[in-house]
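# Observations on the model geometry
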Amino acid sequence: MFIEEKIIADCIDGKRSAQRLLYNKYANILFSICLRYANNKDEAEDILQEGFLKIFLNLKSYRNEGSFEGWLKKIIVNTAITYVRINVKTFSLENINDIPDEIEEDSGEYVIHPTQLFEILKLLPSQLRIVFNLYAIEDYTHKEISDLLEISESTSRTNLFRARKMLSKMITKYKLEKRYNNAL
């Protein structure tokens with residue numbers, strides 16, 4: 001029996017030490033997923049804890065088919081989506097209008113660090129951020145997204161289009177601000 005299979009079996013048997021090992025092994029990876037869907041670190045921690053509860057409660061249903069890590073990630077993504085659905089009262093595209101349509105061409109002088117890009121992604125409205133994350137990062141299809149979010153495939157495509165458009169404008173604006181600040 002592989003070590004991971006032993007840990008899973010011990011977790012199913014309710015052994016706290018095995019649960020701690022499983023948590024310690026995957027918490028950082030899963031927390032990074034939570035951060036992509038949450039509005040802040042506290043929300044991400046809530047999602048992670050709720051996700052691990054679901055993981056421990058459903059370990060018996062894991063069939064050793066495919067990647068165990070992939071199975072864990074799917075539970076975390078579903079938990080995050082449920083969390084956002086419950087905690088986000090309304091969804092509005094108002095802030096799309098706050099970004100000017102015409103922004104000067106980007107000369108590429110300033111490169112955005114991944115952590116800066118992550119912060120820009122957080123500015124997207126929840127629905128757009130979720131669709132973008134599922135499609136661009138988690139590699140879901142529009143069909144899978146529509147099933148998961150209970151929206152049409154065309155709504156999924158539209159939300160992805162809007163997310164990309166907003167991100168492009170926000171990144172360009174961010175680069176322009178950095179260039180301006182660096183010139184001072």
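Placed above this text is the structure.
Our subject in this report is the structure included herewith.

Definitions and cut-offs
- Residues numbered from 1 in each chain as written.
- Predicted model: local features only at pLDDT ≥ 70, side-chain atom pairs only at ≥ 80, totals over all residues.
- Heavy atoms only, no water.
- Helix = DSSP H or I, 4+ residues; strand = E, 2+ residues; numbered from the N terminus.
- Buried < 20%, exposed > 50% of the residue type's maximum accessible area, 1.4 Å probe, protein only.
- Contact = heavy atoms within 4.5 Å.
- Areas by Shrake-Rupley, 256 points an atom, 1.4 Å probe, with all protein chains shown as cover.
- Phe/Tyr/Trp six-rings, centres within 6.5 Å; stacked < 30°, edge-to-face > 60°.
- Core = buried A, V, L, I, M, F, W, Y, C linked by side-chain atoms within 4.5 Å.
- Bend = angle between axes of the 7 residues up to and from the residue.
- Salt bridge = Lys/Arg side-chain N within 4 Å of Asp/Glu carboxyl O.

### Let's talk about the overall build of the chain
Per the secondary structure count, the chain includes 8 helices and 0 strands. When the helices and strands of the chain are placed in sequence order, the string is α-α-α-α-α-α-α-α. For the chain, with 184 residues in total, the buried portion stands at 39%. In the chain, the proportion of contacts linking residues at least 24 apart, taken out of those at least 6 apart, comes to 71%. Accessible surface for the chain amounts to roughly 11,200 Å². Of this, 51% is attributable to carbon and sulfur atoms.

### Here's the deal with the packing of aromatic side chains
As enumerated under the stated definition, the model contains 6 aromatic pairs in all. Ring centres of tyrosine 62 and phenylalanine 68 lie 4.9 Å apart, and the angle between their planes is 70°; this geometry places the pair in the edge-to-face category. As far as the burial class goes, tyrosine 62 and phenylalanine 68 line up, both buried. Consider the rings of phenylalanine 68 and tryptophan 71, whose centres lie 5.8 Å apart with planes at 20°: the pair is stacked.

### Considering the environment of glutamate 119
By the element assignment, glutamate 119 lies in helix 5 (residues 114-121). The exposure class assigned to glutamate 119 is partly exposed, which follows from its relative accessible area of 48%. Once the C-alpha coordinates of glutamate 119 and arginine 36 are considered, the two residues, 83 residues apart in sequence, prove to be 9.5 Å apart.

### Here we look at the nonpolar core
Formed by 48 residues in total, the largest nonpolar core has its most connected members in Leu30, Ile55, Phe68 and Leu134. Of all the secondary structure elements, the ones that give two or more residues to this core are helix 1 (3-12), helix 2 (16-37), helix 3 (41-58), helix 4 (68-87), helix 5, helix 6 (126-137), helix 7 (142-149) and helix 8 (153-183). Broken down by element, this core gets its largest block of residues, 10 residues, from helix 4. When near neighbours in sequence (up to four residues on either side) are disregarded, leucine 134 contacts Tyr37, Val77, Ile81, Asp139, Tyr140, Ile145, Leu148 and Leu149.

### Quick notes on helix 2
The largest bend in helix 2 comes to about 50°, at alanine 27. Residues of helix 2 that are buried in the fold lie against helix 1, helix 3, helix 4, helix 5 and helix 6.

### Some remarks on the pattern of salt bridges
For the structure on display, the rule yields 8 salt bridges. The salt bridge partner of glutamate 50 is lysine 54, with a shortest N-O separation of 3.8 Å. One end of the pair, glutamate 50, and the other, lysine 54, are both in helix 3, 4 residues apart, so they sit about a helical turn from each other. For lysine 54, a relative accessible area of 27% puts it in the partly exposed group. The salt bridge partner of lysine 143 is aspartate 147, with a shortest N-O separation of 3.1 Å. On the criterion of helical spacing, the pair formed by lysine 143 and aspartate 147 is a turn pair, its members being 4 residues apart in helix 7.

Note that all results are geometric; they support no functional claim without further evidence.
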